[in-house]
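Coordinates in review
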Amino acid sequence: MVVDDHPMWREGVARDLTEAGHLVVATSGEGRQAVRVAAAARPDVVVLDLQLPDVSGVEVIRGLRAALPEVRVLMLSASGEQQSVLDAVKAGATGYLVKSAAPAEFLDAVRRTAAGEAVFTPGLAGLLLGEYRRLAAAGPDDAARGARHDAAPRLTDRETEVLRLVAKGMSYRQIAERLGLSHRTVQNHVQNTLGKLQLHNRVELTRYAIERGLDD
């Protein structure tokens, strides 16, 4: 689903996605309408503009995640400001790409978002990792964190190894090359870990790993 208030841009993105083999189930130019339409159309991925005429993209993300907990949201915005990125991710965005990205980069981002990867404009991944480390450092004391760790579901050694590399900001392809695994095997490990931890996407998984010091 494509959500953008500029008709030419919205139609162009939808056309590019269709030509690349994706099924565009809906489009919308307003935030509130987008949430209602998405609840009926049930898209796997929503390409969402940050600035909409009625409500902010951040509010739309919250509405989408409430209606469709498994939906993956790729922000496509003219703004690359740090606070905009952090607000979108905290609300539940899976990725964030600036509109100046090349068409091939955009289509790759959609494909990776659909596969469950966290996709960000170059330079923003480091910003997010830094923010997660800051939040973790300001979080509960060591005893409380240890209690949460003890109560956490048990992961296999391989799942923990993959989780450590996810926390370092590595892509599935990079993890696969590092560990000598296939891309699909890495993706399966991540999906199994998400299920065990009851998390929704790689962004939440990264924060979980950093809170437990697995990014060292």
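See above for the structure.
To keep things clear, this report deals only with the structure shown in the data block.

About the criteria used
- Per chain, residues are indexed from 1 in the order of the written sequence.
- Where local features are concerned, this predicted model is filtered to residues with pLDDT of at least 70; where side-chain atom pairs are given and counted, the filter is 80 or more; whole-chain, interface and lining totals use all residues.
- Side-chain figures throughout are based on the complete set of non-hydrogen atoms in the structure, without hydrogens or water.
- Nonpolar cores were defined as sets of buried Ala, Val, Leu, Ile, Met, Phe, Trp, Tyr and Cys residues, with membership established by side-chain atoms within 4.5 Å.
- Each residue gets one of three labels from its accessible area relative to the maximum for its type: buried under 20%, exposed over 50%, partly exposed in between, using a 1.4 Å probe on protein chains only.
- Each helix corresponds to a stretch of at least 4 residues labelled H or I by DSSP, and each strand to a stretch of at least 2 residues labelled E; elements are numbered beginning at the N terminus.
- Contacts are assigned to residue pairs that have any heavy atoms within 4.5 Å of one another.
- Only strands that DSSP links by at least two bridges are regarded as paired with each other.
- Every crossover in which the path from the first strand over the helix to the second runs clockwise, viewed with the strands pointing away from the viewer, is termed right-handed.
- Any pair of N or O atoms that falls within 3.5 Å is considered a polar contact. Within protein, one atom must be able to donate a hydrogen and the other to accept it, and sequence-neighbouring residues count only if both atoms are side-chain atoms.
- This arc describes the spread of directions from the helix axis toward the C-beta atoms.

1. Quick notes on the nonpolar core
One recurring pattern in soluble globular proteins is that nonpolar side chains are buried together. Ranked by size, the top nonpolar core spans 27 residues in total, and within it Leu 48, Ile 61 and Met 75 carry the most contacts. Put simply, the parts of the chain that give this core at least two residues each are helix 2 (31-41), strand 3 (45-48), helix 3 (57-67), strand 4 (72-77) and helix 4 (82-91). If we ignore the near neighbours within four places in the chain, the residues touching Leu 48 are Val 3, Gly 57, Val 60, Ile 61, Val 73, Leu 74, Met 75 and Leu 76. In terms of nonpolar packing, the next biggest core, distinct from the first, is built from 20 residues, Ala 167, Leu 194, Leu 197 and Ile 210 among them.

2. Notes on the sheet that holds strand 4
Taken in spatial order, the six strands of this open sheet run 2-1-3-4-5-6, and their pairing is parallel. Of all the strands in the sheet, just strand 2 (27-28) and strand 6 (119-120) have a single pairing partner and so form its edges. Pairing geometry for strand 4 and strand 5 (residues 95-98), over four bridges, is parallel. In the strand pairing of strand 5, Met 75 is matched with Tyr 96.

3. Quick notes on the side chain of Gln 187
Here Gln 187 is to be found in helix 10 (residues 183-197). With residues up to four places along the chain from it excluded, the contact list for Gln 187 reads Ala 115 and Tyr 172.

4. Some remarks on unusual backbone geometry
The phi dihedral of Arg 42 is positive, around 50°, even though this residue is not glycine. With respect to the helices and strands, Arg 42 occurs in the loop between helix 2 and strand 3. The exposure class assigned to Arg 42 is exposed, which follows from its relative accessible area of 57%.

5. Quick word on the pairing of strand 5
Residues Gly 95 and Leu 97 point to one face of strand 5 and Tyr 96 and Val 98 to the other, with burial holding for every one of them. Chirality of the crossover, the property in question, places the unit of strand 5, helix 5 (residues 103-114) and strand 6 among those that are left-handed.

6. Quick look at the side chain of Arg 65
Within the fold, Arg 65 resides in helix 3. At 2.9 Å, the side chain of Arg 65 forms a polar contact with the backbone oxygen of Gly 92. Excluding its chain neighbours within four sequence positions, the residues that come into contact with Arg 65 are Val 71, Ala 91, Gly 92, His 200, Asn 201 and Glu 204.

7. A few points about the environment of Arg 207
The topology assignment puts Arg 207 in helix 11 (residues 202-211). What makes Arg 207 partly exposed here is its relative accessible area of 33%. Along the sequence, Arg 207 and Ala 167 sit 40 residues apart, while their C-alpha atoms lie 7.5 Å from each other.

8. Re helix 2
The set of residues buried in helix 2 consists of Gly 31, Ala 34 and Ala 38. The buried side chains of helix 2 occupy one side of the element, clustering within an arc of 45° when seen end-on. Exposed residues lying more than 90 degrees from the buried face of helix 2 are Arg 36 and Ala 40. The secondary structure elements touched by the buried residues of helix 2 are strand 1 (2-3), strand 2 and helix 3. Immediately beyond the C-terminal end of helix 2, within one or two residues, lies Arg 42, with a positive phi of roughly 50°.

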